[in-house]
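So the chains spell out like this:
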Amino acid sequence: MLAQRMRRMEPSGIRRIFELMATMEDPINLSIGQAHFETPEPLVEAACRALRQGHNRYTTTQGLDSLNERILEDVRSRHGERPEASLVTAGVSGGILLSFLALLDEGDEILLPDPNFMMYRHLATLCGATVRYYDLYPRFHPDLAQIDELITERTKVVFINSPSNPTGGVLTRQEIAAIGAAADRVGAFVVSDEIYDAFVYVDDYASPVGYAERVIQLGGFSKTYGIPGWRLGYATGPAAVLEAMKTLQQFTFVCAPAPLQQAVLEAAFELDMAPWIREYLGKRDRLASELHPAYRLAPPEGSFYAFPELPGSASENAFIEAALARKLLIVPGSAFSRRDSHFRLSFAASDEDLGRGIRELNALAEQFVGA
């Protein structure tokens, strides 16, 4: 008999689509959340050198001291404040799990955005926390008055994800400051998933680092450098919390992959990824300009996702089934939200696949708008 907690866990809708892709011939894959470009050659070569030079044993649990130092200096240079401590994690996913386990007790409340990446609510439930939602619809920005009302003495964590998966929304500096002030009022932590922070298409990006007293910043290398399979992320924040997360990591992930830590330290921070970011901005603009107006899509402000509305009278099930019939892989919005009014697509795809996807989506819009 499985543990009771498993009754509260559901398989990922994204992974189901990923598995379905393996059964299809020549699918149009606008579903999966990873950069479409190959890993930059300097990173590949650095990884090969690390393997050949013997960086194949455990590092300390917290990761290479030199890498953590570089992470902290990078955060300081980008956000104007150096956090107390850093921990190299097994991807941002590992950082989310460790931070939740370190902070959330049974019955504590966590505020999550709706829509959100489904991992957040499942891991919060795993910790026994009570999830409360603040709404991002319809503009994919929070209602700050609602957040202020939801935060109480029972609130332990206010979670933010900017740029957002699935919406592509980016919180403004004023929104970040207001959320930080609301969390400070009750002594709550702001936990911030910033894995898409390289993919920002607005002028003024802000992290809550420096805008709240208790911030756990979760970042990583997977999306920026096209290395999701390397499973390398980091957490920064107050030393006492990072020490607790390190203890948890000792008994879960042990440490992040040693040769890949070395490779990132050697090569990642000097890489100029701006050409790829500009290419994704172009893909964003193409999607926003060419997609049928029935989807009511405002241009995403960051990440490489869009969250269009279902067109016309389409129900979620009917629309997803019609897309699959056209070999178009997208993710239903209900995988991320309490609503079933939208769907997620990734424009981290080749220009050819993106063009094919737009054509199929536009045909679907005509089908459902005319129904």
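None of these values were measured; they are calculated from a predicted model.

Here we look at the overall build of the chain
Along the backbone of the chain there are 13 helices and twelve strands. Scaling as 2.2 N^0.38, a compact globule of 371 residues should have a C-alpha radius of gyration of about 21 Å, and the chain matches this with 20 Å. Per-residue burial over the chain gives 57% buried out of 371 residues. Contacts in the chain between residues far apart in sequence, at least 24 positions, make up 75% of those at least 6 positions apart. Carbon and sulfur atoms make up 50% of the accessible area of the chain, which totals about 15900 Å². In the chain, which carries 35 positive and 48 negative side-chain charges, the distance between the mean positions of the two groups comes to 4 Å.

Regarding the sheet that holds strand β11 (residues 331-332)
Within the open sheet, the three strands sit side by side as β9-β12-β11. Their pairing is antiparallel. The sheet is open, and its two borders are formed by β9 (305-306) and β11, each paired with just one other strand. Where β9 meets strand β12 (residues 343-346), two bridges bridge the pair, whose relative direction is antiparallel. When the bridges of β12 are listed, Tyr305 appears paired with Ser346.

A word on the sheet that holds strand β2 (residues 85-89)
With mixed pairing, the seven strands of this open sheet are ordered in space as β2-β8-β7-β6-β5-β3-β4. Since the sheet does not close on itself, it has two edges, and those belong to β2 and β4 (130-135), each with one partner. For this sheet, the mean angle separating the axes of adjacent strands, direction not counted, is 20°. Lying over the sheet, helix α9 (residues 239-250) contacts β2, β6 (189-193), β7 (215-220) and β8 (233-237), oriented at roughly 25° with respect to β2.

Quick look at the state of the cysteines
Two cysteines form a disulfide when their sulfur atoms are joined by a covalent bond. For the structure on display, the rule yields zero disulfides. Cys255 forms no disulfide, and the closest cysteine sulfur to it belongs to Cys48, at a distance of 20 Å.

What to know about the pairing of β7
Burial analysis of β7 places six of its six residues in the buried class, which makes it a mostly covered element. Note that β6 and β7 share four bridges and pair parallel. By the bridge assignment, Val191 is partnered in β7 with Ile216. Judged from the four bridges that link them, β7 and β8 form a sheet pairing that is antiparallel. Residue pairing across strands places Gly219 opposite Tyr234, the latter belonging to β8.

Thoughts on the packing of aromatic side chains
Per the counting criterion, the structure on display carries 21 aromatic pairs. Pairing Tyr295 with Phe343 gives two aromatic rings, centres 5.7 Å apart and planes at 75°, and the pair type is edge-to-face. Taken together, the residues span a long stretch of sequence, with Tyr295 in the loop between α11 (274-290) and β9 and Phe343 in strand β12 at a distance of 48 residues. Across the pair, Phe343 and Tyr295 agree in class, each one buried. Taken together through their ring pairs, the aromatic side chains of Phe37, Tyr196, Phe199, Trp276, Tyr280, Phe304 and Tyr305 make up a single cluster.

Rules and cut-offs
- Residues numbered from 1 in each chain as written.
- Predicted model: local features only at pLDDT ≥ 70, side-chain atom pairs only at ≥ 80, totals over all residues.
- Heavy atoms only, no water.
- Helix = DSSP H or I, 4+ residues; strand = E, 2+ residues; numbered from the N terminus.
- Rg over C-alpha atoms; globule rule 2.2 N^0.38 Å.
- Buried < 20%, exposed > 50% of the residue type's maximum accessible area, 1.4 Å probe, protein only.
- Contact = heavy atoms within 4.5 Å.
- Areas by Shrake-Rupley, 256 points an atom, 1.4 Å probe, with all protein chains shown as cover.
- Lys, Arg positive; Asp, Glu negative; His and termini not counted.
- Charge placed at Lys NZ, Arg CZ, Asp CG, Glu CD.
- Pairing = 2+ DSSP bridges.
- Axes fitted to C-alpha atoms, helices over the stretch in contact; angles between N-to-C directions.
- Disulfide = S-S within 2.5 Å.
- Phe/Tyr/Trp six-rings, centres within 6.5 Å; stacked < 30°, edge-to-face > 60°.

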